[in-house]
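So you can see what is in the structure, the chains are spelled out below.
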Amino acid sequence: MAVSEEARPKQGKTPARARLASLRFPRRFSCDDVFEASSIIFAGVIVLIIVVTSVFLVRGSVPVLESFGTGFFTGKNWIAAAGSESYSALPFVLGTLVTSAIAVAVGVPLSMGIAIFLAEMAPWSVRNPLSRVIELLAAVPSIVYGLWGLFVFRLWIRDYLETPISNYVGSFPVFQGTPLGLDFLTAGLILAIMIIPTVSSISNDVMMAVPASQREAAYSIGATRWEVVRTGVLGYARSGIFGATILGLGRAVGETMAVTMIIGNIPALPASFFQHGATMASVIANEFSEADPGSLHLSALIGIGLTLFLFALVINVFAQLMVWRVLKVRGGSVE
Amino acid sequence: MFPLASILFEVVRNGLPAISVGFLTRPTGNITDPSSGIGNAIEGTLILIGMTCLIAVPIGLFAGIYLAEFGDNKFGRTIRFLNDVLGEFPSIVIGILAFSIVVVAIGHFSAMAGAVALSIIMLPIVTRTAEESIKLVPSSIRDAAMALGIRRWRTSLSIVLVTAKDGILTGIMLSIARIAGETAPLLLTVLGSGFFFSGVDQPIDALPLRIFTDYKNSNYPSALAQGWGAALVLVVLVLSLNLGVRFLTRGRSTFARARA
Amino acid sequence: MSSKDVVIRSTGISKSIFIISLVIVAAASGVAGYFVPVLLKQSSSVITISGAGSSFVFPLMSAINANYTAGNPNVQVNYQSVGSGAGITDFSTRIVDFGATDAPLTGGSLGQRANITRDTGTPLTIPESIGAVAIAFNVKGVATGLKLNATVAAMIFQGNITQWNDPIIANMNSGVTLPSSTITVVHRSDSSGTSFIFSSWLNSSNAHYPWKLKVSKTPNWAGSTQATYLSLPQNVGVAGGVQQNPNTIGYVELNYVLSTTPQMYYASVLNGAGSAYVLPSLTTSTNAVNNSTASLPTGDGDWSKVTLLNAPGGSSYSIVSFTYVLVFKELSVVPGMTQAKAQAFVNYLWFLVHSGQDQATKLSFVALPFAVVTIDEATIRTITYNSATLHS
């Protein structure tokens, strides 16, 4: 395989003219060039979408950034009433961070547990149906999660988790407030449930794709079952699992419907798990249609959209860096 | 595991009583009337899926081909990165974009705007899946084709794509399952409707929208029952797409499914 | 040699199935789009009118519109609830043909009415239904009999009073045992005409304890530091918030409260005359409208000062309000408008304020009284398309 890779000319690096000149046919563009050109154009659509989005978001944010400057990112108010307008993205940024952090902190270990169970320990008869079920559950739409979360899940959390916590450690700052179940904690936990299918099924696939030779090598030097999993499998699959986590994080950051129905929608700096809050996605969903075109309110919402966009960018850059680092360390042995 | 089972249980328990042939084919009309159905919501979801695929699949396929075949350079890496960024976009931001561009341009809410929003969501998934499936095709096939004198573009289209079709179809079906359940972008772009399809430049209904509207009016028992019924139909649709993927790729290696 | 390296294998889908499935997907849109309506005998010359706005009036509009299409099969009126604020925005940007709102266009030279008139055309305000806001609560042991007035309510909702057994509440409710728990106030998280109506009423509290959190579709709940709030979207959210949590109080549209199960408990409110505490109902709401002495402006006038709150009359409920349809006087400013559509639109509006009102009572809405219908008729007669009136 390696030989033919090198032997094949790198199309992207050879100028079209040189290729043309090497043809023995009458001078015309070959179908290959048309093909390459058209596929570039289609790929360029992606660039176009990103560019259009960036332009739109930046242009729309200019009014509010002009009015508030860096205060837009450091203030703590969100008042839309004309005459006393004050907008800041900070409550929502923190809200998104807190809920996503809970989602990843709770969801990823659970997903890993499920994935390890499926990949390493489950008997054949259980593994296939169970992994199928998990992948199917990734498909439940977020509005259904929202409905269920609002009517069923939050009552469980309120009664079995928050009230006991509040009774025992309610004086700690992070657990203050009346536990009603409509707060950062429940929203974060729902997000955790939502990302478990994605993270665990990709981790599972990645772990199952680890070559048997890795496991066998670990066994052969006398590792226990858990050590085999830890060193042989998890180490090899690390980048893939990390990629799965990033996908899960991305989903948690952008999730709108389920969070909007559960988090209480008050722009406030998160100070307690039991507090109402809002995330960037939820405030946009709530207020976008209301805002008058051309108003500062609309600009503030677009500013939040821009912030979300930057989040997605940063998450991806971070993921790429991590994967690149892993690649460097491992010498490129990643599937 | 338990919460997930609970969701399915609740949906089935509450939704099943509402299902009937009439329910699935009648339009919504009067939401307070027990004879109101979700026929237009189902039709709307199918139409939106169709329109979205028409937009996103060709673009995604060719973008994926580009990345897999010609994408070893800086431009390709940029595209790959931007594609991942696009895939992480919150759907609400995509909704705002589609609103600002399509709804404002046409002058009112339309199915077209919804399809544009959904295709922006679908595009990165199709591109990524296409690229990875094509990359999995071993060079031996390409080499064999080249040895036979078949042109590059012909090789890509006829041979490589066909070999990678399982993975690509998997990606398409999974992304359809994803967009079928998207609510936020549709809220801003298609308005919703109580009637059947009347044109791509007109508002249209869709299952997630129908669920949301029924939830808002769930004090009327008929609306609440309709909402659960619509949720059940949506979940069944999405699950059967996933099951279809499973069925079609049985015995297959896991590579094709690794990138969901 | 791992079998995972071999990609070509004999299972999996065939090429023809792949192509067929792509074709099917593409055809699904065509088939569904063009044949289903044909099968259901819909004519292709259907006129669609779209409206958006208040979610309060959505069930009524849904029933009226279905009724109208049943009688006029070539006209489909599609109304969706996006909220009063979005309804006004969508109307003013002309992406829908009409808007519906519980809060009238703001007046003054910088208000919405002035802006729309300057930018687009004269907006007409057509009251189409009447709603009432009930104060729902959930306190163990207290079913009926909770009495409130605007001042006490304002104090509760902005946090001057924080305990259920506060002496001020107890004074007014001598027959009721109130617990010593903290009051949790449930309010709307989304912009809402219901919030506008309720905060307008709270604003009528006396000068010692004025309502400080603004009269608005989005009152400034953040301005209170003492109240314990629960913020939820939609009427259904607030209702659920009250029902599922103890010691809560919130505000919900009356038609919601009357049609929901399990039963919700709501307070009786001091009437405008100050003579009795009145429970919200269709009757007491109708009384409020009938007794209201507010003189109503013409359709193209400023409705921002019109109020049915605190209406006179012994059995008038105090928190009652119109809900309005917003229409442009000169319909040609709306993109996509044609002569035929304009005519159909005006006929629909006529139906809305006449036969459409028959749907109101069974859905727990208040039907328009004769005096208001007369004003609406005059307004509808002024609607023009290319300067020619459409309804005589």
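Described below are features of the structure shown in this document. Please read all numbers here as calculations on a predicted model, not as lab measurements. (Residues numbered from 1 in each chain as written. Chains lettered and ligands numbered in written order. Predicted model: local features only at pLDDT ≥ 70, side-chain atom pairs only at ≥ 80, totals over all residues.)

Along its length, chain B carries 13 helices and 0 strands. For chain B, the α and β elements follow one another from N to C terminus as α-α-α-α-α-α-α-α-α-α-α-α-α. Per-residue burial over chain B gives 68% buried out of 260 residues. Pairs at least 24 apart in sequence give 73% of the contacts found in chain B among residues at least 6 apart. (Helix = DSSP H or I, 4+ residues; strand = E, 2+ residues; numbered from the N terminus. Buried ≥ 20, exposed ≤ 12 C-beta atoms within 10 Å, placed from the backbone. Contact = placed C-beta atoms within 7 Å.)

Residues and elements named next belong to chain C. Buried residues dominate strand E12 (residues 320-328), accounting for 9 of its 9 residues. Burial of the side chains of E12 extends over both faces: Val320, Phe322, Tyr324, Leu326 and Phe328 are buried on one face and Ser321, Thr323, Val325 and Val327 on the other. Note that strand E3 (residues 98-101) and E12 share 3 bridges and pair antiparallel. Bridge pairing in E12 places Gly99 opposite Leu326. (Pairing = 2+ DSSP bridges.)

Counting buried positions along helix H7 (residues 193-202) of chain C gives 9 out of 10 residues, so the element sits mostly inside the fold. Taken together, the buried positions of H7 of chain C are Gly193, Thr194, Ser195, Phe196, Ile197, Phe198, Ser199, Trp201 and Leu202 of chain C.

Each partner contributes residues to the interface: chain A has 64 residues there, and chain B has 61 residues. Every element with two or more residues in the side of chain A that touches chain B is listed here: helix H1 (2-7), helix H3 (31-68), helix H6 (124-137), helix H7 (142-169), helix H8 (184-208), helix H11 (238-254), helix H13 (280-287) and helix H14 (296-330) of chain A. Of all the elements, H3 of chain A adds the most residues to the side of chain A that touches chain B, at 16 residues. Taken together, the residues of the side of chain A that touches chain B break down into 40 nonpolar, 16 polar and 8 charged. (Nonpolar A, V, L, I, M, F, W, Y, C, P; charged D, E, K, R; others polar.)

Residues and elements named next belong to chain C. Of the two faces of E3, both are covered, the one formed by Phe98 and Ala100 as well as the one formed by Gly99 and Thr101. In this sheet, E3 lies alongside strand E1 (residues 47-53) in parallel orientation, the contact comprising 3 bridges. Following the sheet pairing, Gly53 is matched in E3 by Ala100.

Attention now goes to the packing of helix H3 (residues 39-70) of chain B against helix H9 (residues 165-180) of chain B. Packed helices, taken two at a time, are described by the angle their axes make and the gap between the axes. All names here are of chain B. Running from N to C, H3 and H9 cross one another at 140°; their axes reach a closest spacing of 11 Å. Between H3 and H9, the angle is such that the two are oblique. Regarding H3 and H9, the two cross each other, and that crossing is right-handed. Of H9, the residues touching H3 (which contributes Thr45, Ile49, Thr52, Val57 and Leu61) are Ile168, Ile172, Ile176, Ile179 and Ala180. The residue inventory of the contact of H3 with H9, partitioned by class, reads 8 nonpolar, 2 polar and no charged. (Axes fitted to C-alpha atoms, helices over the stretch in contact; angles between N-to-C directions. Parallel < 35°, antiparallel > 145°, perpendicular 65-115°, else oblique. Left-handed = near helix turned anticlockwise from the far one by under 90°.)

Here the focus is the sheet that holds strand E10 (residues 268-270) of chain C. Residue and element names in this part refer to chain C. In spatial order, the strands read E5-E10-E11; together these 3 strands make up an open sheet with mixed pairing. Looking at strand neighbours, the two that pair on one side only are strand E5 (147-148) and strand E11 (277-278), the edges of this open sheet. Pairing of E10 with E11 involves 2 bridges; the strand directions are antiparallel. Note on E11: the bridge partner recorded for Leu270 is Tyr277.

So, about unusual backbone geometry. Keep in mind that most residues, glycine aside, have a negative phi and that most peptide bonds are trans. Residue and element names in this part refer to chain C. The backbone of Asn310 shows a phi angle near 50°, a positive value even though the residue is not glycine. Within the secondary structure, Asn310 is located in the loop between helix H10 (282-291) and E12. Take Asn310: there are 22 C-beta atoms within 10 Å of it, and that puts it in the buried class. Its identity as a non-glycine residue notwithstanding, Ser364 has a phi of 65°, on the positive side. Topologically, Ser364 is positioned in the loop between helix H11 (339-353) and helix H12 (370-381).

What follows concerns the environment of Ser54 of chain C. All names here are of chain C. Structurally, Ser54 can be placed in the loop between E1 and helix H2 (58-71). Measuring from C-alpha to C-alpha, the distance between Ser54 and Asp190 comes to 12 Å, with 136 residues separating the pair along the chain. Among all residues touching Ser54, those that are not within four sequence positions of it are Ser81, Ser84, Gly87, Ala100, Thr101, Asp102, Gly193 and Thr323.

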